Amino acid sequence: GINAEYGMILVKSKSGMRMIDRNGKKGFLELDEPAWAPDENFRACTGCATTFDLFKRKHHCRRCGGVFCGSCATEKVIPMRLRFIDPVRMCGKCQKVARWENDYFNNYQKKLKAGSELHVEVDGGARQTGTVSLGGDGGLLQITLDTGPAVPVLMEEVTSFRVIEEGSNGVHMLAVDSFGGRNLVLSKTERPETVVFLNGLRKALRMSAKPDHQLSGPSRNDAT
């Protein structure tokens, strides 16, 4: 799931069954359940523009709230960022996005929380070896260096990132910039799991992107 903290309760929403924090706390990458677009505002499918009638019914995408026909919203996927526990109906675009996001929670989240040894350069300084992990609900990038103080970076304060070096198996070197002028360069070591960690971190950074941030787009290795 989004995080492993206790205090979760099962609730029934308009779109399906969800696990939410009983105190209203949201995981860093968690999304709010979207409001459904009003049926009366749509005479045709948002996807294919087919006019709705007695036989062509309206369906809402549970991830974006848009109105689609059955052909354009036929598949059901569990949107893990919204904490649904069962597959729900989605439009074609949201199905692809949800599967891409679910790959992070299924294959990378635990690895990022566990941490990995990486080569680290802080604010243009010399390369060091350190341990990098995502703390708490995934919103804190924690870097513990062999020498010098720890370097905490709030994911919400990251303004840009870029892949400096990439191989056939994924990211080898990643630069991260944040508010206040702080910048990091994280590089793989000889251990193969460090590439997996960097692939997951790139995905987490993309998912946490704000509309006004210049974060890098997807690449061929995002789903690996």
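One can find the structure itself at the top, above this paragraph.
All of these numbers come straight from a predicted model, not from anything done at the bench.

Along the protein, the regular secondary structure elements total three helices and 14 strands. Taken over the C-alpha atoms alone, the protein extends approximately 70 × 40 × 30 Å along its principal axes. With 224 residues in all, the protein has 45% of them scored as buried. Residue pairs in contact within the protein that sit at least 24 positions apart in sequence constitute 48% of those at least 6 positions apart. Surface exposure of the protein reaches about 11600 Å², of which carbon and sulfur atoms provide 51%. Across the protein, the 32 positively charged side chains and the 26 negatively charged ones have centroids separated by 8 Å.

This structure, assessed with the given rule, holds zero disulfides. Of all cysteine sulfurs, the one in Cys72 lies closest to Cys45, which takes part in no disulfide; the gap is 3.7 Å. You can call Cys45 buried: its relative accessible area is 4%. The thiol of Cys61 is not disulfide-bonded; the next cysteine sulfur, from Cys64, is found 3.6 Å away.

This part takes up the environment of Gly125. Structurally, the position occupied by Gly125 is in the loop between strand S7 (116–122) and strand S8 (128–135). For Gly125 and Leu184, which are 59 residues apart along the polypeptide, the C-alpha to C-alpha distance reads 9.3 Å.

This part covers helix H3 (residues 193–207). Taking 1.5 Å per residue, 15 residues should reach 21 Å; H3 reaches 21 Å between its end C-alpha atoms and fits that length. Within H3, 12 of the 15 residues are buried, which leaves it mostly tucked inside the rest of the structure.

With that settled, the discussion passes to the nonpolar core. Core analysis: the biggest nonpolar cluster contains 31 residues, and Tyr104, Leu184, Leu186 and Leu201 have the highest contact counts within it. In terms of residues, this core owes the most to one element, H3, which gives six residues. Every residue in contact with Tyr104, bar those within four places of it in the chain, is listed here: Leu29, Gln109, Leu112, Leu134, Gly200, Lys203, Ala204 and Met207.

Here we come to the pairing of strand S2 (residues 17–21). Sheet analysis places strand S1 (residues 8–12) next to S2, joined by five bridges and oriented antiparallel. Paired with Leu10 across the two strands is Met19, which belongs to S2. The hairpin turn running from S1 into S2, its antiparallel successor, is four residues long, and Gly16 in that turn takes a positive phi close to 155°.

When the terminal C-alpha atoms of helix H1 (residues 92–107) are compared, their 23 Å separation across 16 residues agrees well with the 22 Å that a helix rising 1.5 Å per residue should span. Every buried residue of H1 is accounted for by Cys94, Gln95, Ala98, Trp100, Glu101, Asn102, Asp103, Tyr104 and Phe105. Taken together, the buried residues of H1 touch strand S5 (76–77), helix H2 (109–114), S8 and H3.

Attention shifts here to the environment of Gln142. Its place among the elements puts Gln142 in strand S9 (residues 140–145). Residues Gln142 and Leu118, spaced 24 residues apart in sequence, show a C-alpha to C-alpha distance of 12 Å. Contact partners of Gln142, with chain neighbours within four places excluded, come to Thr131, Val132, Ser133, Leu134, Gly135 and Val151.

Each value, and the rule that gives it
Residues numbered from 1 in each chain as written. Predicted model: local features only at pLDDT ≥ 70, side-chain atom pairs only at ≥ 80, totals over all residues. Heavy atoms only, no water. Helix = DSSP H or I, 4+ residues; strand = E, 2+ residues; numbered from the N terminus. Buried < 20%, exposed > 50% of the residue type's maximum accessible area, 1.4 Å probe, protein only. Contact = heavy atoms within 4.5 Å. Areas by Shrake-Rupley, 256 points an atom, 1.4 Å probe, with all protein chains shown as cover. Lys, Arg positive; Asp, Glu negative; His and termini not counted. Charge placed at Lys NZ, Arg CZ, Asp CG, Glu CD. Disulfide = S-S within 2.5 Å. Expected span 1.5 Å × (residues − 1). Core = buried A, V, L, I, M, F, W, Y, C linked by side-chain atoms within 4.5 Å. Pairing = 2+ DSSP bridges.

Shape descriptors only; they carry no functional weight alone.
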